[in-house]
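Breakdown of the fold
Okay, here's what each chain looks like letter by letter:
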Amino acid sequence: MAHTTESVAEEQQALALRAFDYETAWRLGARMQAEAAARQLPVAIEISHGETLVFFALLPGATPDNVDWTRRKRAVALRFHQSSLYMRLLCERHGWDFAQRFRLSPDGFAASGGGVPITVEGTGIVGAAAVSGLPDIEDHALVADALRYIRSEQLAS
């Protein structure tokens, strides 16, 4: 499936949770960590509640560089209330250099898939999840799949 800004924005709306607290953040991170471990993916994973880091994991094969990428992708999701993949696609569509267009330091922000804002229905953005270590579309998918799972758990209870 080819990702577009429209498809990524629609996906983000479909991933809205009913609630999000530290326990949910931990379950989300643990779900992502278990999936990554089962597939032997060399990734860094982080989940924040607001700006507060609640969950972090660095799996075998990941590097300290992946830690920096998760932080920068999460910063994009929190600042723009859009996924870092959405922001990459937006900039590509318009021919913008992300850092120049938004006057942001590349040391603090990365418009590369893998950072996804966490939305609560009726509330808005309450945190973000980020992954680094795979091609950015796969990083994004790992987060989106885990959010989809947590959402389905919440809807079933």
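Residue numbers run consecutively from 1 along every chain, following the written order of its sequence. Reporting in this predicted model follows two pLDDT cut-offs: at least 70 for local features of residues, and 80 or more for side-chain atom pairs to be given and counted; totals over whole chains, interfaces and linings ignore these cut-offs and use all residues. Computation of side-chain values: all heavy atoms of the structure, hydrogens and water removed.

Overview of the pairing of strand β3 (residues 115-120)
Let me state the cut-off plainly: The buried label goes to any residue with under 20% of its type's maximum accessible area, the exposed label to any with over 50%, and the partly exposed label to all in between, with areas taken from a 1.4 Å probe on protein chains only. Secondary structure elements follow DSSP: runs of H or I no shorter than four residues count as helices, runs of E no shorter than two count as strands, and numbering proceeds from the N terminus. Paired strands are those between which DSSP finds at least two bridges.
The element β3 is extensively covered by neighbouring structure, given that 6 of its 6 residues are classed as buried. Side chains Gly115, Pro117 and Thr119 of β3 all project onto a buried face; the interleaved residues Val116, Ile118 and Val120 project onto the opposite face, where all are buried too. One ladder, built from 6 bridges, connects β3 with strand β4 (residues 124-132); its direction is antiparallel. Bridging from a neighbouring strand, Gly115 pairs with Ala130 of β4. Between the end of β3 and the start of β4, which pair antiparallel, lie 3 residues, with Gly122 showing a positive phi angle near 75°.

Re the nonpolar core
Which entries qualify depends on this criterion: Throughout this description, the term nonpolar core refers to a set of buried Ala, Val, Leu, Ile, Met, Phe, Trp, Tyr and Cys residues connected via side-chain atoms within 4.5 Å. Whether two residues are in contact is decided by their heavy atoms, any of which lying within 4.5 Å being enough.
Counting residues in hydrophobic clusters, the biggest one holds 27 residues, and the most contacted among them are Leu28, Val43, Ile45, Ile47 and Ile118. Within the residue set of this core, elements represented by two or more residues are α2 (22-38), β1 (44-49), β2 (52-58), β3, β4 and α6 (136-156). Among the elements that make up this core, the one with the highest residue count is α6 (6 residues). Aside from chain neighbours lying at most four places away, what touches Ile45 is Met32, Gln33, Ala36, Phe55, Phe56, Ala57, Leu59, Thr70, Ala130 and Val131.

Comments concerning the environment of Glu23
When you line up the elements, Glu23 lands in helix α2. For Glu23 and Phe55, which are 32 residues apart along the polypeptide, the C-alpha to C-alpha distance reads 9.9 Å.

Observations regarding unusual backbone geometry
We note that Gln40 has phi near 55°; this positive angle belongs to a residue other than glycine. Positionally, Gln40 belongs in the loop between α2 and β1. Its identity is not glycine, yet Arg103 carries a phi of approximately 50°, on the positive side. With respect to the helices, strands and loops of the structure, Arg103 is situated in the loop between α5 (98-101) and β3. When its relative accessible area of 78% is taken as the criterion, Arg103 is described as exposed.

Examining the sheet that holds β2
Strand pairs in the sheet, formed through backbone hydrogen bonds, run parallel or antiparallel to each other. To keep it simple, the criterion reads: Lines fitted to C-alpha atoms define the axes, with helix axes restricted to the stretch in contact, and inter-axis angles between N-to-C directions lie between 0 and 180 degrees.
Read from one edge to the other, the open sheet built from 4 strands follows the order β2-β1-β4-β3, with strand pairing classed as antiparallel. Each end of this open sheet is capped by a strand with a single partner; those strands are β2 and β3. Each neighbouring strand pair of the sheet contributes to a mean axis angle of 15°, computed without reference to strand direction. Running at roughly 135° to β4, α6 makes contact with β3 and β4 of the sheet.

Focus: the environment of Ser112
Mapped onto the elements of the fold, Ser112 is located in the loop between α5 and β3. Considering only alpha carbons, one finds Ser112 and Ala75, 37 residues apart in sequence, at a separation of 11 Å. Non-local contacts of Ser112, meaning those with residues more than four positions away in its chain, are made with Trp69, Lys73, Ser84, Leu85, Arg88 and Asp136.

Digging into helix α3 (residues 64-80)
Cut-off, in case you're wondering: One fewer than the residue count of a helix, multiplied by 1.5 Å, yields its expected span.
With 17 residues, α3 should reach 24 Å at 1.5 Å per residue; the first-to-last C-alpha distance of 25 Å fits that figure. For α3, every residue scored as buried is listed here: Asn66, Thr70, Arg72, Lys73, Arg74, Ala75, Val76, Ala77, Leu78 and Phe80. Just beyond α3, the residue with positive phi is His81, at close to 55°.

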